[in-house]
Structures are given as structure tokens and as C-alpha cells.
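Coordinate inspection notes
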Amino acid sequence: MRHTRGIRLLTSGLLLASLLATAACGLSASGEDTSGEPERTGRIAGQITFRTLQLKPNFTEYVQGVIDAFEKEHPDVRVKWEDVPGEGYNEKLVADAQAGTLPDVVNLNTDSFQLLADRGMLADVAALDPKARADFVPGAWDQYRLPGRSGVYAYPWYVTPEILTFNARLYRAAGLDPDKPPTSVEQYFDHAERIADRSGGRYAAFMADPQGRLPGDWQKMGVPILDERRDAFVFDTPKAVEWVERMRDLYAKGAMPRESLTGSQDINQLYGSGRLVFGPGSPGFIKDIKDNAPKVYRETAVAPAVTGKLGHIGIYTQSLGIRKGTRHVDAAVEFAKWVTNGPNQVAFSKAATIYPSNSRGLDDPYFSDRGDGSDPETVARVVGAEQLREAGLDANTPVEWTNQVGDAVNREMHRAIKGDVRPADAVRRAQEAANRILRNQRDR
Amino acid sequence: MNRTTPAGLAGRYLTLCLMLVVMLGPIVWQLLTSLKSRQESVYDGLLPSSPTLENYSRVAESFPLFAYVGNTLVVCALAVVSNCLFASMGGYALSRAGWRGRQVVFTVLVATLMFPFESVMISMFLTVRSMGLADTLVGVWLPGAVSVLNLFIMRAAFLAVPREMEEAAVLDGASEWQRFTRVFLPSAKGALAVVCITSFMGAWDDFLWPLIVLTNSENYTLQLGLKALSGSSLVNDPRLVAAGAIAALLPMMLLFFCLQRYFFKGVGEGSIKT
Amino acid sequence: MSPAPRTSPKAGRAARRRAARAQETDHGLVHRRWWTPYLFLLPGLAMVLTFSLWPFVNTVVLSLTDAQILRGGGFVGLDNYRRALGDPAFWTALTNSVLYTAVVVPALVLMPLALAVLVERKVPGIGFFRSAYYTPVIASAVVVGLMWQWLLRSDGLVNTVLVRLRVVAEPVPFLTDGTLLLVSAMIVTIWKGLGYYMVFYLAALGNVPRSLHEAAAIDGAGALRRFLHVTIPSVKPMMLLVGTLSAISALRVFTEVYILGGESGGPGGDSRTLPFLIREVGLGFAGETGYAAAISILLFLLTLVFSLLGRRLSKGDER
């Protein structure tokens, strides 16, 4: 037995030593080369990797076509395409960044863009390609700036604008006029109240999900989110409290499916089975409904999104980032430019229900032809494009409103909407929590 | 014990069927959804109004189901073999008393059992990559080649082997390895069957780890492929998702159905008994 | 566990067996070089050291730093632990995880055993039933979530029936009340575990000597008594194993809470479990790797407590 104890001691000693001696991974920032900005050489050649977010198998043909055409144009370049499912996309990016194996050209959403750009892993495309800016719709390009830095860190790719979709039959049944949909948050709530009064519990008006509604609803109501210097949240205002109060009352009345509060319910399912009046606000959704619930599709009407005091929608694009440490800068830049150019984006829009961020692309007649005005999908396309032309960055969720902030606010809102906490207290606490998180992030 | 009244038998089947409804719910739901045609709503009603196999052919067209299943089976087979072999060897050593360091090894193993995958994922990936196994099926398999759980399952089984059997083998002059293969392994068939199932399922079900390791979609395992089918922000067709899931599930169920009799027969002879 | 009168033959037999087993667990062997066990353990240990122990050490180191995702950190001592202990979210998650384990483990030790007894008898078609009961294990989380939501939501099947039968006046908020949501998630976990652990028990039941049952039947023991006094003692080691396995998976539960309660972890985040919290803290744009590592270590300590408790329980039982 004494032997065993000796070995036990020895082993724990060794363990401790190794523990102290190792520079654990995750401690060293990452394996990515984030030192200097890459420079162009003028030679477009080499093999580059291109990663997309869940475009296979539905858009395999389109993407492969774009790649093939590019390789034909630039015979010295080989593009290796990797497609990754949406679930776990960010986790994989982080693992790759840590290992120093990010793809040369990578499809990013808002979250992953912020993560990689903030950590200095993306190349400044404005420096590599000074003329690019003119090609994109206003706002799209500026979305990829970082606070406190001069560069632009990704090419804008496809856009999904916000629109208003609703079930016109149910809308009419509530005594509302489908030709006069709400344009402000307050009106939206009024209509929802009316729907709740008339529905007899058979259907609800909209999804509660505060996570999805904020801070957009507040911005549309004219609630300031951040102070002038953008270093504190200031949304604790009577307007915001009013929003919570109305949400609470509407929730109690049954204007929202009870389980939609936590965002765990499937909106397509609810809308598609005629149990919800307001559908999700994106044109792509219309196509889903067309495919999955033909009857409800025929009852669906489309209108410009509720924009309230702002008067326009925000702009959320997918983007293509270029890895800072790429070995073939020229090939990567040319390829990203190729994928995001007008014709290629328009072709993509025709294959999927999305919009080009490229201003020349948006001029294509495809986006202004309403048909006879009876097909929801066609109308949605035109409505979406019209809104996109006037979109402004001030309607976007501010960068400071990170997931963590959203989560914290969301939790307080749940309690208030359920009626467990007074709305004024909930908003105050939400602001305190949000500011704590902001300070914590700024400190580093 | 073998007397069975008709009423008893009926009661038994009634209970069996009742349980069936509870357990089969989601699969039946998916099956029915996968049979719905494009003309009808996915969301209304349970039964397809005009059943069609169209969704299956659409999946087959757009989706290399067999390649994915093949990749998954490679990983599963590797995992089953390595777990059965290495976990029983390790479990055997752990079950024998009186060697130095046993307590330390045991503690270390328990310690590692419990880590949320997300917190160790990146360091695992870096290791696999440094071995040159990124984007390979071997890299997908390796970290799960011997699971600590299986070590413990086998250890528990070997602990239960009657001492007399081992002593008899020792008297016959059998070496340690011979005792392991001829005495212990045969009496732990039931536990081996359990190890087979857990390691197969582990490899079959895993999503996040293969996603991290694999980049080339030709190497994708089934779960990765299925995720690519399901609800993207651009396309969302529950019928396709359901058809893919059922097509992937059926071979599994068939396999289980065919193998279960062997399993439980073999199990009957083995011993995890007291 | 078994309050059977000492005079009953089967209880006597069980006691004898237990005594025999207590002896067996500690037997050593005669001819042995000290490194033989290591040879046997080599492949397993190598794998475990590389893929489990190294990340473990890594996590311990990280938990002492303020590292963020993709950004290095500096040594901060025990700050992260102090922060966790002062974080109400941590305590909620800890309570939830403990509660979860306390409910799920007994259920998963006993119910699959009952199911295994049900399908053990070879009646025609039993293979089909056995396979069918296994399917929840392989069903996709998304579909499982949809099905249970459909059953449990306020206008779902269960509530419709309850309201119709006038058992309740208002629909039960299974999915919108923090505690009930946790209970619903437990039900899903148990449901998924039934078929999985049933297979474990089937493996063990195959080894219960038929003669034991027959002897008991001759003594006039009914089915329930036979179950309690013959079946349960014979599968006890398996029950311990299932208890351990289900405790581990209960402490790791994430998916069930996520699919029923959304990404916030239930209304107000009140149903979050420890793994849920770890993911939330550690992933995402501002992921705090160091803090998440500290919570992981605390979760590990909790597991250690449970496993010691389990060992104490099983030992106490054997003496």
C-alpha cells in the first residue's frame, strides 16, 4: 500500500507541474497570423479555399457555376469550395481560427464577422480594393467598418430585407383592412389587440419572442438605445416601459402564442397552419410557405415592414471576409469581388429568395416587376427591393447590442411580459445588466 | 413460469402496444411528413392526403445519402471494434486488484468522464490536427476510440466474474492474456454487447465533433449531411428533412431488428450477473 | 433495499451471493509483473490522456485566467470562481442540475428495468417491439422537440385533455413556467433513456438463472414479489451502472432544455442547467473562455460529489 501512496503523490506532483508549465491553448490568442495587412502582388494565382454557410445541396449548382466561371477567367486559380451547415458554423470558425486554418474567403454572418474582425483576423478590403465601395448599396459597405478603426473588413454579399407578411383572411375576420396594414409599432399592437379580441383563442396575432423584437421595436418607437458617445445604454425610457406594458397586456389577452415567449416555437409551423396572423418578416419565408402550406400562401398578403419613427428598414447582409494571413491575396480578393458582383448576385437572387447588396444588381427589372400584384412571392420581392433602396444603418441593431446583452435584456422582458415583474423595474434592471456587460467588454 | 393465460398474453400485448405509441411518436410523425406531397400543407393534419415517395427521390437526387451513410459506418465500425477491444483490455486491468497506481489511474479516468464537450473541443481539435488527421474519418473516430464509460462498463462486468473460474485457469497455467481471452471475455458477452451499442450510437449520433474535424463535404458523416438538409435560412422544407431522416433511420432500425436476437441470445450466455 | 424476512429462501440466497461478491471484488492475482496491467491499459490510457486529460488540464489553467474567445488572457487567480459563487445565474443553474439529476436518475434506474422485464419474454413479434422502443434514442432532437411541444404547449394535446376532463381550469404552463419547463425536460430525458437503458437491462436479465424464478414461483411468490426479490437483486450491478451513466448524462443535459425552452433557457433563463450556462458564457462573440472553464470545473466537482455518493451508497448496500 505504501508503494501506491508514493506513486499517487508522484503522479499528482507531475500533474501539477505539467499544469503550471503548460501554456494552455486558448491562452495564446490564436494560431492566425494577425500581424500585418497583406499586400497585393498583381499575380492572380494559387489555390484558395472558399467556405459558405449552408448552401449545399440547394444551391450547389449556382455556387459551382460561379466558381467554374471564375476559374475559366483566371486559369491559374483553383477554388476549393467547402460548405458547412448553419448549426455549429461559428464553433467551427472558432476552432479553425484557433488552429490557424481559416479559409481564404469565408462567408460570415453578423456574429461571426464581428468576432473575426474584432480579433484582427480579416483583411481590410477597402485597402486592397479601394474602388469597391461604389458598387454596393449605401449602408451595406459601411456595415463592415469597425468602431475605432479605419478599414472595411468584408465584402457585402446577399441581403434579406425586412417586410411585413400577414394572413389576410384572418386579418379581415378581425375587422381589419388588409390594404391598411400597420406602419408603426403602436398600430401593430392596436391591430394585435383587435385580433386577440376577435379570434376566440383560435389564432394569435404575432410571436412574443422579445429576443427577436428588440431592440428593433424600440428603435422604431424612437427609443434611444445608446448615448451619444456609445458607451452606455440609455433605453430605460417611458416609451420602452410602455412597450413592455403593452406586450404584457397583449400576452395576457392571448394575442401571442404563450410558448412563443421563449422563442422555442416554430413560426413557420404556426403561421403555416393558420394559427398566426403576422408571419415572419422576410421574403424567403414567403417561398417556404408557398412550398409547405399552399392554402395559407394564397391568403398571404405582403406590405412594407413596420418602420415607425425611423421610416426605413435596417440592412443585414451576409458577407465575404478575406483571411488576413492568406497566401494568395490577389486570387482571394478577385474571387470575393467576383462572387459579389452584380450579375452573379442577381443570378443568386433568382435561385434563392434573397437580394443583391450590389447596387447594379438591384437595378435588374426582376426586382421591380410586380406582375399582376396577386402573387405574394412576386409582390414580396418588389416590396423588399423597394425597402432595401432606402435602408439605413441607423435601423440596425447596434454592434454594442451583443448576444450577451440581448440575452440579459430578454430575460428581464420574459419576467415582465409574464406579469411576474413590474415593467418599469424590468426595463431598469435590463439596462443595468446591459451596461454591466458593456463595461466588462470595454475593459479589455 | 411458462404458464400463460390468453388474458395475460392479451394484457402483455396491450401494454406493449401502448408503449409503442409513446415511443414511436416522433418517427411515425416524420414518416407521415415525408410522405406528404408538395400540393398539400406540411403543417395541417397528420396523415398525408395523397401519399407520395417523391420526397425520397428528391433527397436521393440532391444528397449523397449512401456516401454519407458509408462514411458514418466506417467511423461506427472503427469505434465499435476499438471500443470492444481496448475497453475490455483496459477494463480488465482496472478490475484486477493489487497493482501499483491503480487508484491514481482510476481517479484520473473518473475525472475525465465529465467534461462538457464544448470546453475541451478546441484543444482536442488542435491535437487531432497536429497528428495530421484533420478532415479524415480517422480523426473523427480517434477521440472516441476508447470511451471511459466503456472502460467502466467492462470493469464492472469483469469484477462480477466468479473467482473460482479465474483460479482454475491459473492452476491450468494460463497466462494473463490467455485468462483474459478465454475466461474473462467469454463471460462478459453481455457487457460487450452493451459496449457495442453505446459506441455505435455514440459514433452514429455525433454532430459537433465531426463538423469541427471535417471540411471536405465528401467526408461528411450522415448527421452532418442531414443538418445541411434541414432548415437553412434560405430553404426550409420539412418534407425533405423528414425523408432524409427516415431514409437514414430505416437501415439502422433494420440492423437493430436483425441483430437484436443475436444480442440478447449472446447476452443470455454471458454474465454481468452478481 | 430489500426488507425481506431472513427466513425466505430467495432472500437468503441473495444475501449469500452478496457476501460472495464482496469478497470477489478485491481479489488479486498470483503471477504478475507490475507492468502487466499497464500493457492492458496502454491503448485506452493513451487515448484518454491525449483526448481527455490534456483538455482537462487545459481547462483548469484557463479557469484561472480572463481569456476570451480567440483572445489570450492573463492570470487572475481564483477570480472566476469567486465570480461564479456570487452569480445568481450560477446558483440557479446549479440547483436545476442537482434537481434534474435527483429526479432523472431514480426514474432511469427503475423504469427501463420494468420495460426490459416487459419485453424480455419471447412472445411473437417481440423483436419488433424491442427495436421500436429503441428508436427515441436515434430520433433527431428537432423532431423530438416538435413532438413534445405539440403535446405540452398550452393548446397542446395534454392540456386539451386535462381541460376537457376538467382536471384543471386553466391550461398548465408546462413550457412557460421555469419549474414546470424543467420537469417537462426531465420527462423528455426519461423518455429518451427508456429504450437505451432497456437494452442494458436486457443484457443483465438474460443472466438471471431461470431456476431462481422457478424456485420462487414454487414458493408461491407472485409476479411483483418475484420482481422485487429475484429480479432486482440479480441486476443490482447493472442498476448501479445505469445509475452512474444516467447521472452523468443528467448532469450534462442541454438539448432537452434548449428544444423546449429556447435559447434563453426557459422564461427569464430560469430553467438553465450548468452545461447550458457554460455554453452561453463560453460561446459567441464575447465568449468568456476563462469564466466558462471555471464553471466547467465546478460542474466537475459536483460530479465528483455525486460519484462519491454513489460509491458510498453501493458499498453500504453490499455490507
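Residues numbered from 1 in each chain as written. Chains lettered and ligands numbered in written order. Predicted model: local features only at pLDDT ≥ 70, side-chain atom pairs only at ≥ 80, totals over all residues. Heavy atoms only, no water.

You'll find chain C entered in an unreviewed UniProt entry as ABC transporter permease subunit, with Streptomyces alkaliterrae given as the organism. Listed under Sequence similarities (unreviewed entry) in UniProt, the entry text for chain C is "Belongs to the binding-protein-dependent transport system permease family." UniProt annotates chain C under Subcellular location (unreviewed entry) with the comment "Cell membrane". (UniProt positions renumbered as here; feature names shortened; annotations may be inferred.)

Thoughts on the overall build of chain C
If you tally the helices and strands in chain C, you get 14 helices and 0 strands. Helices and strands in chain C line up, N terminus first, as α-α-α-α-α-α-α-α-α-α-α-α-α-α. Classification of the 319 residues of chain C by burial places 57% in the buried group. A fraction of 68% describes how many contacts in chain C between residues 6 or more apart in sequence connect residues 24 or more apart. When the accessible surface of chain C is totalled, it reaches about 13,300 Å², and 66% of it is carbon and sulfur. (Helix = DSSP H or I, 4+ residues; strand = E, 2+ residues; numbered from the N terminus. Buried < 20%, exposed > 50% of the residue type's maximum accessible area, 1.4 Å probe, protein only. Contact = heavy atoms within 4.5 Å. Areas by Shrake-Rupley, 256 points an atom, 1.4 Å probe, with all protein chains shown as cover.)

Regarding the pattern of salt bridges
Residue and element names in this part refer to chain A. Evaluated as defined, the whole model comprises 45 salt bridges over all chains. The salt bridge involving Asp 217 is made with Arg 213; its shortest N-O contact spans 3.0 Å. The pair Asp 217 / Arg 213 is uniform in exposure class, with both members buried. With its nearest N and O atoms 3.2 Å apart, the salt bridge here joins Asp 249 to Arg 248. (Salt bridge = Lys/Arg side-chain N within 4 Å of Asp/Glu carboxyl O.)

Considerations on the UniProt feature "transmembrane region" (unreviewed entry) in chain C
Residues and elements named next belong to chain C. Per the UniProt record, the feature "transmembrane region" (unreviewed entry) sits at residues 38–57, 98–119, 131–151, 180–203, 235–254 and 290–309. Annotation note: span residues 98–119, helix share 100%, strand share 0%, distance between end C-alpha atoms 32 Å. Structurally, residues 290–309 comprises 100% helix and 0% strand, and the distance from its first C-alpha atom to its last is 29 Å.

Focus on the side chain of Asn435(A)
Residue position: Asn435(A) is located in helix α19 (residues 423–442). What Asn435(A) contacts, discounting residues up to four positions off in sequence, is Ala232(A) and Phe233(A).

A look at the interface of chain C and chain A
Across the boundary between the two partners, chain C contributes 43 residues, which contact 39 residues of chain A. Between chain C and chain A the total buried area reaches about 3,700 Å² when both faces are included, carbon and sulfur atoms providing 55% of it. Run the count over chain C and chain A and you get 4 salt bridges. Glu280(C) is the partner of Arg411(A) in a salt bridge, and the nearest nitrogen-oxygen pair spans 2.7 Å. Secondary-structure elements contributing two or more residues to the side of chain C that touches chain A are α2 (36–62), α6 (141–152), α12 (255–261) and α13 (274–282) of chain C. (Buried area = accessible area lost by both parts, 1.4 Å probe.)

Quick word on the nonpolar core
Ranked by internal contacts, the top residues of the largest apolar core, which has 213 residues, are Phe50(A), Tyr155(A) and Tyr133(C). Counting residues per element, this core draws most heavily on helix α8 (residues 178–205) of chain C, at 18 residues. Among all residues touching Tyr133(C), those that are not within four sequence positions of it are Thr15(B), Leu16(B), Cys17(B), Met19(B), Leu20(B), Met23(B), Leu115(C), Val119(C), Gly195(C) and Met198(C). Formed by 55 residues, the second largest nonpolar core is a distinct cluster that contains Ala168(A), Met256(A), Trp401(A) and Val421(A). (Core = buried A, V, L, I, M, F, W, Y, C linked by side-chain atoms within 4.5 Å.)

A few points about the domain arrangement of chain A
All names here are of chain A. Entries for chain A in the domain assignment read domain 1 (46–160 + 315–367) and domain 2 (163–312 + 393–442). When domain 1 packs against domain 2, close to 850 Å² is buried across both sides, 56% of that on carbon and sulfur atoms. Area buried by domain 1 at its contact with domain 2 is led by Gln 114, Tyr 316 and Thr 353, which between them contribute 47% of it. At the surface where domain 1 touches domain 2, the tally comes to 0 salt bridges. (Domains from an automatic or database assignment.)

Some details on helix α7 (residues 148–159) of chain B
All names here are of chain B. Between its first and last C-alpha, α7 extends 16 Å over 12 residues, near the 16 Å set by a 1.5 Å rise per residue. Burial runs high along α7: 10 of the 12 residues are buried. Among the residues of α7, those classed as buried are Val 148, Asn 150, Leu 151, Phe 152, Ile 153, Met 154, Arg 155, Ala 157, Phe 158 and Leu 159. (Expected span 1.5 Å × (residues − 1).)

Looking at the sheet that holds strand β2 (residues 77–84) of chain A
Within a sheet, adjacent strands bond to each other through the backbone by hydrogen bonds, running parallel or antiparallel. Residue and element names in this part refer to chain A. Taken together, the 5 strands give an open sheet; going across it, the order is β2-β1-β3-β7-β4, and neighbouring strands pair in mixed fashion. Pairing within the sheet leaves two strands with one partner each, and these edge strands are β2 and β4 (155–159). Mean inter-strand twist for the sheet, computed between neighbouring axes without regard to direction, equals 20 degrees. (Pairing = 2+ DSSP bridges. Axes fitted to C-alpha atoms, helices over the stretch in contact; angles between N-to-C directions.)

Some details on helix α1 (residues 6–34) of chain B
The sharpest bend along α1(B) reaches about 60 degrees and sits at Leu24(B), with the proline Pro26(B) one to four residues further on. The complete set of buried residues in α1(B) reads Leu16(B), Leu20(B), Met23(B), Leu24(B), Pro26(B), Ile27(B), Trp29(B), Gln30(B), Leu32(B), Thr33(B) and Ser34(B). (Bend = angle between axes of the 7 residues up to and from the residue.)

A short note on unusual backbone geometry
Between Leu214(A) and the following residue, Pro215(A), the backbone shows a cis peptide bond with an omega angle of 0 degrees. Mapped onto the secondary structure, Pro215(A) falls in the loop between α8 (210–213) and α9 (216–220). We note that Gln54(A) has phi near 45 degrees; this positive angle belongs to a residue other than glycine. Mapped onto the fold, Gln54(A) is located in the loop between β1 (46–53) and α2 (60–73). Even without glycine at this site, Arg166(C) takes up a positive phi of about 60 degrees. Summarising the element assignment, Arg166(C) is placed in the loop between α7 (157–164) and α8. For Arg166(C), a relative accessible area of 73% gives the class exposed.

With respect to the pairing of strand β5 (residues 163–167) of chain A
Each regular strand shows side chains that alternate between the opposite faces of the sheet. All names here are of chain A. Counted residue by residue, β5 has 5 buried out of 5 residues, so it is predominantly covered. Residues Ile 163, Thr 165 and Asn 167 of β5 are buried on one face, and the alternating residues Leu 164 and Phe 166, pointing to the opposite face, are buried as well. Here β5 runs beside strand β6 (residues 300–304); their pairing, made up of 5 bridges, is antiparallel. Following the sheet pairing, Phe 166 is matched in β6 by Ala 301.

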